[in-house]
Amino acid sequence: MLLMDKLLDCQPAPVVVFDREGHIVRFNKACESATGYDFGEMRGSRVWLELIPLEEREEVTAVFDALLAGKAPLRHENHWLHKDGSKRLFSWNNTVLKDASGEVKYIIGSGVDITEQRKAELDARRHLEEASRLQRLQTVSELANLFAHEINQPLGTIAMFAEASRKLLDHRDLDKDRLDENLRQIAQQTMRAGEIIRRMRRFVNGKKIEAAPLALNPLLESTCSLIRPKAMSLGIRLSLDLDDELPEVLGVDIYLEQIALNLLRNAIEAIYEAGMENGRIRIQTRRCGNMARITFYDSGPGVGTEVAEHLFEPFYSTKSEGLGVGLSISRSLIEASGGSLWAEFGSDKGIFHLEVPFAS
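What you see is a predicted model; the values in this text were computed from it and never measured. (Residues numbered from 1 in each chain as written. Predicted model: local features only at pLDDT ≥ 70, side-chain atom pairs only at ≥ 80, totals over all residues. Heavy atoms only, no water.)

## What about the side chain of Asn-217?
Considering the arrangement of structural elements, one finds Asn-217 in helix α7 (residues 216-233). Given a relative accessible area of 12%, Asn-217 falls into the buried group. Looking at Asn-217, its side chain comes within polar contact range of the side chain of Thr-285, at 3.2 Å. Filtering out sequence-adjacent residues up to four positions away, Asn-217 remains in contact with Leu-242, Asp-243, Asp-244, Leu-246 and Thr-285. (Helix = DSSP H or I, 4+ residues; strand = E, 2+ residues; numbered from the N terminus. Buried < 20%, exposed > 50% of the residue type's maximum accessible area, 1.4 Å probe, protein only. Polar contact = N/O pair within 3.5 Å; in protein donor to acceptor, adjacent residues only side chain to side chain. Contact = heavy atoms within 4.5 Å.)

Here's what the structure looks like:
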C-alpha cells in the first residue's frame, strides 16, 4: 500500500479512490492541493460530498451509482470547493476495480483542472458573439435604405386604403363589402410592416450561441426576403432549390441566417463588381449523410486559386473597402454549432458549401 500511495502522490492530476459505500480510500497530494484538505481529514469518510456545490451533488451521486452498476468508464465534470472558499472545475475520468466475483469493489476518479480552459472558451465565445453582433450591425447599416424602401410600401398601401375607406363613409349608400376589403388590406399590410421590423430587430439582437432543432428551409426563405430587395435593385435574380424532405437541423437560427446573408451579400457584390448583367444566385439544400448541405451558387467570376489560402483568414479581403471579417466570423459561427463552411476554388462561378448537423 505504501508503494501505491507513493505512486499516486507522484501523479500531477488529482486521483481519488472510493469504496462501494463512497468512503474515501485514497486521496493523493494533487487532491490535497486542489481542495486544501489533508488525506487524514478525508480518509474513510463521505465528507467529500461537501466539496461539491449543492446544485451539482445530485448529478455526481448519479455518476457514482452508475459506476457501481458497472457502467465504466464514465466521464463527467463538476466543481470542487477549496477550503479557502474558491471553486475549481474538474473533468473526471472514472473507472472501477472489481473483485473475483465481478462485483465493483473500488471506484477510481482521475481529474484534470479545466477551470482556465473553460474560462478561455467562454471568453472566446463572448468575443465571437460580440464580433458577430457588430458584423450584423454593419450589415443592417448597409441595408438600411432598402429596408426603409421595403417598409414604405406597406405603409403607403395602408394610407391609401385608409383614405379610400374614409371616403366610403361619406357616401349615403355604404358599400360594406368594399369597406370590408379595404380594412382587410389594411390589416394585411400592417402585419407585413410589423414582420419587416421584427426581422430587422431579430437579426440585430440575436446573441446566444445555443444550438436547437430548427427547420432550415423556412430560415433560408426568411434570409432571402432580407436580401432580395438589394439583389432586385441590381438586376440580380435570387432563386431557391430546397429539399422539402429535409429533417430539422441542430443550429443557431440567428447565426445561420447571418452566415447565409454574408454569403449572399458577397455573391451580389461579386456579380455587380464584375459588371455582369442578368446575374443569378441559387441556394440549394440537400441531405449529405448526417448533415444538411446548403450550397450557394452565383454567376460571378468565382474564387480564384490565388486567394484560396487566405479566404477565411481574419482581415483578409479582396475588396478595396472590405473589412475582411465576414467569412472568418461565418466559419467560426458555424463551427461553434458543429458545422463547416468551405468554398470551391478555380471554378468559373462562385460556389460555397455550408453543412449543418441534423438534430437527430
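## A few points about the sheet that holds strand β5 (residues 104-113)
Across the sheet, five strands lie side by side as β2-β1-β5-β4-β3; this open sheet has antiparallel pairing. The outermost strands of the open sheet, each flanked by one partner alone, are β2 (24-27) and β3 (74-81). Strand after strand, the sheet turns through a mean of 25° between neighbouring axes, direction not considered. Of the pairings in the sheet, the one linking strand β1 (residues 15-19) to β5 comprises five bridges and is antiparallel in character. In the strand pairing of β5, Val-17 is matched with Ile-108. In the packing of helix α4 (residues 54-68) onto the sheet, contacts are made with β1, β3, β4 (87-98) and β5, and the angle to β3 comes to roughly 140°. (Pairing = 2+ DSSP bridges. Axes fitted to C-alpha atoms, helices over the stretch in contact; angles between N-to-C directions.)

## Examining the packing of aromatic side chains
Throughout the structure, instances matching the rule amount to seven aromatic pairs. Residues Phe-18 and Phe-64 carry aromatic rings whose centres are separated by 5.8 Å and whose planes lie at 85° to one another, so their mutual orientation is edge-to-face. In this pair, Phe-18 sits in strand β1 while Phe-64 sits in helix α4, placing the two residues 46 residues apart along the sequence. Classification of Phe-64 as buried rests on a relative accessible area of 10%. Within the aromatic cluster, the residues linked to one another by ring pairs are Phe-27, Trp-80, Phe-90 and Trp-92. (Phe/Tyr/Trp six-rings, centres within 6.5 Å; stacked < 30°, edge-to-face > 60°.)

## Remarks on the sheet that holds strand β12 (residues 350-357)
Overall, mixed pairing links the five strands, which are arranged β7-β9-β10-β12-β11 in an open sheet. Lying at the two open borders of the sheet, with one neighbouring strand each, are β7 (237-241) and β11 (340-343). Averaged over all pairs of adjacent strands, the angle between strand axes in this sheet comes to 15°, irrespective of strand direction. Relative to strand β9 (residues 280-288), β7 is paired through five bridges, and the arrangement is parallel. Looking at the pairing, Leu-240 lines up with Ile-283 of β9.

## Some thoughts on the pairing of β4
Sheet analysis places β3 next to β4, joined by eight bridges and oriented antiparallel. Bridge pairing in β4 links His-76 to Trp-92. Hairpin connection from β3 to β4: five residues lie between these consecutive antiparallel strands, with Gly-85 at a positive phi of about 100°. In terms of strand pairing, β4 meets β5 through nine bridges, oriented antiparallel.

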